[in-house]
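Chain by chain, the residues:
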Amino acid sequence: MLDFAIFAVTFVIILVGAVLYLYPSSRSASGIPGLNPTEEKDGNIQDIVNQGSLHEFLACLHGQFGPVASFWFGGRPVVSLGSVDQLRQHINPNRTTDSFETMLKSLLGYRSGMGGGATEAVMRKKLYESAVNNTLKENFPLLLKLVEELVGKWKSFPKDQHTPLCAHLLGLAMKAVTQLALGDRFQNDAEVIGFRKNHEAIWSEIGKGYLDGSMEKSSIRKEHYESALAEMETVLMSVAKDRKGQRSQTAFVDALLQSNLTDRQVMEDSMVFTLAGCVITANLCIWAVHFLSTSEEVQEKLHQELEDVLGSEPVSLDKIPQLRYFQQVLNETVRTAKLTPIAAQLQENEGKVDQHIIPKEVSYSPLPYLVPLLSTSHYSASKSFSLLGFSGSQACPELRFAYTVATVVLSTVVRQLKLHQVKGQVVEARSELVSTPKDDTWITVSKRS
């Protein structure tokens, strides 16, 4: 049967790994076999570069050292779990943290929230969960409006007109993330354009150049990056100052301002959420719409679920959990497109994998490519994703935000339009911190009768 399972196979890698950070002071990675750091500062980053990608590096690592192996990411010792058996031994879903946030802060040179221990990690996670939930609840009508505007534009296109997914859905993500996270200041298109310019300058370096160190070799690129980062920080500090003390608490930043975080911490957390939120939201929507265009059958199943759950009513925040097939489609999109490179869980007690002891308050990160090994069906992966920490309350805040936006996008699109592939188009992925198409991806649309 022709469905997502066909194209999913082309994305699945043989290796499945899980990453967990050990104490930075440990030089032996708790005695787990693996690589010593090639360089004191960069660890095994150059080895990763030489292999071509983190996934290829991990495949080689496990081929050499077995299913439990260690390496160094910068100054951090890391252990990778390369099989489901080892992962099951170590799963402890009691506490979670977001090592994607940790990675971004490290790349940006930020220190807030780093090394605060398990208690601080739990408190910050609860703060983020509350901020995301409140933001979506207070701004859901605005999100619907933004999506309806885009779909209305697509609906006006002639049947054979090519629609550029990357350009349009990145634009939607920028508008949605800035307005919902930072407030009504970004209803001004000029503010969004300025944000997008700086966002692209920053992400182009930390998204692809963080491994090869090429920015350090180019004074022009480094100056451009530092200028964009400084300008973005100034804007975020200004937003926080303007919204501090106001009565309406509707944006993500408002929840941060109501906490005991310092002004600098608010700015840094806003930076991480908006940087990652835009990229993850845009690419989840891009890949999901692209994949849908390859399968009329899946589009029809989604349309039928909308009829069964919503009838003629618009999608609402309280109804989204009932759209289970939508959830499965998005889970499969995340897995096949490799959208979440790292999302860690923090265990409360000391753990053990085979004969290896993993210290307490150490995080581990199962990659989503494990899901097909835990589930016999590509579309019955919801429980596995929840177990492994890639959906629901376990997901990083940026991904949970993206799931909601993507559900609104897909529900609005499939209710009004049919999506079609552009014949002869070859879509290739570019592996960065978040997988994205190498070039803009095109579809055509027709009105649903």
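Residues numbered from 1 in each chain as written. Predicted model: local features only at pLDDT ≥ 70, side-chain atom pairs only at ≥ 80, totals over all residues. Heavy atoms only, no water.

(A) Representation of the overall build of the chain in the model. When helices and strands are tallied, the chain shows 16 helices and 12 strands. Here the chain holds 449 residues, and the buried ones make up 56% of them. Within the chain, contacts between residues at least 6 apart in sequence are counted, and of these 74% link residues at least 24 apart. Looking at the chain as shown, the accessible area adds up to about 19,100 Å², and 50% of this sits on carbon and sulfur atoms. (Helix = DSSP H or I, 4+ residues; strand = E, 2+ residues; numbered from the N terminus. Buried < 20%, exposed > 50% of the residue type's maximum accessible area, 1.4 Å probe, protein only. Contact = heavy atoms within 4.5 Å. Areas by Shrake-Rupley, 256 points an atom, 1.4 Å probe, with all protein chains shown as cover.)

(B) Up close: the UniProt feature "binding site: heme" (unreviewed entry) in the chain. Look at the UniProt record and you will see "binding site: heme" (unreviewed entry) annotated at Cys396. Looking at the element boundaries, Cys396 is found in the loop between helix H15 (382–388) and helix H16 (397–416). (UniProt positions renumbered as here; feature names shortened; annotations may be inferred.)

(C) Structural detail: the sheet that holds strand E4 (residues 163–164). With antiparallel pairing, 3 strands are arranged side by side in an open sheet as E4-E12-E9. Of all strands in the sheet, those with a lone pairing partner are E4 and strand E9 (417–421), marking the two edges. As paired elements, E9 and strand E12 (residues 442–447) share 5 bridges and run antiparallel to each other. Across the sheet, Gln421 pairs through a bridge with Ile443, a residue of E12. Contacting E9 and E12, helix H11 (residues 263–293) runs over the sheet at an angle of about 80 degrees to E9. (Pairing = 2+ DSSP bridges. Axes fitted to C-alpha atoms, helices over the stretch in contact; angles between N-to-C directions.)

(D) Highlighting the nonpolar core. Among the nonpolar cores identified, the biggest contains 100 residues, and Leu108, Trp154, Leu169, Ile202, Val289 and Val409 are the most heavily contacted of them. If we skip the residues at most four places from it in the chain, Trp154 touches Thr163, Leu165, His168, Leu169, Val289, Val413, Leu417, Ile443 and Val445. Membership of the second largest hydrophobic core comes to 7 residues, among which are Leu58, Leu61, Phe71 and Val78. (Core = buried A, V, L, I, M, F, W, Y, C linked by side-chain atoms within 4.5 Å.)

(E) Quick peek at the packing of aromatic side chains. Under the definition given, this model contains 5 aromatic pairs. Geometrically, the ring pair formed by Tyr128 and Phe252 is edge-to-face, given 5.5 Å between the ring centres and 65 degrees between the ring planes. Residue Tyr128 is located in helix H6 (residues 117–155), and its partner Phe252 is located in helix H10 (residues 252–257); the two are separated by 124 residues in the primary sequence. The residues Tyr128 and Phe252 share a single accessibility class, namely buried. Both rings, one in Phe273 and one in Phe401, keep their centres 5.7 Å apart while their planes meet at 85 degrees; by these two values the pair is edge-to-face. (Phe/Tyr/Trp six-rings, centres within 6.5 Å; stacked < 30°, edge-to-face > 60°.)

(F) Local environment of the pattern of salt bridges. Considering all chains together, one arrives at 14 salt bridges under this definition. For Glu200, the salt bridge is made with Arg196, and the minimal N-O distance between the two is 3.1 Å. Here Arg196 and Glu200 lie together in helix H8 (residues 189–206), a separation of 4 residues that amounts to about one turn. In this structure Glu200 comes out as partly exposed when scored by relative accessible area, which is 38%. Among the ionic pairs, Glu428 bridges to Lys438, the shortest N-O distance being 3.5 Å. (Salt bridge = Lys/Arg side-chain N within 4 Å of Asp/Glu carboxyl O.)

(G) Quick peek at the UniProt feature "transmembrane region" (unreviewed entry) in the chain. Following the UniProt record, the feature "transmembrane region" (unreviewed entry) maps to residues 6–23 and 272–292 here. Strand forms 0% of residues 272–292 and helix 100%; the C-alpha atoms that close the span are 30 Å apart.

(H) Structural context of H8. Along its 18 residues, H8 runs 25 Å from first to last C-alpha, staying within 8% of the 26 Å computed at 1.5 Å per residue. Of all the residues in H8, the buried ones are Val192, Phe195, Asn198, His199, Ala201, Ile202, Trp203, Glu205 and Ile206. The backbone nitrogen of Ala190 has a side-chain oxygen 2.8 Å away, supplied by the residue at the start of H8, namely Asn188. (Expected span 1.5 Å × (residues − 1). Polar contact = N/O pair within 3.5 Å; in protein donor to acceptor, adjacent residues only side chain to side chain.)

(I) Main features of helix H9 (residues 219–243). The end-to-end C-alpha separation of H9 is 36 Å, in line with the 36 Å expected for 25 residues at 1.5 Å each. Phi turns positive one or two residues past the end of H9, at Gly245, with a value near 85 degrees.

(J) The arrangement of the packing of helix H12 (residues 296–310) against H16 in detail. Here H12 crosses H16 at 100 degrees, and the two axes come no closer than 9 Å. On the basis of their axis angle, the class for H12 and H16 is roughly perpendicular. Residues Gln299, Leu302, His303, Leu306 and Leu310 of H12 pack against Ser411, Val414 and Arg415 of H16. Here the contact of H12 with H16 is composed, by residue class, of 4 nonpolar, 3 polar and 1 charged. (Parallel < 35°, antiparallel > 145°, perpendicular 65-115°, else oblique. Nonpolar A, V, L, I, M, F, W, Y, C, P; charged D, E, K, R; others polar.)

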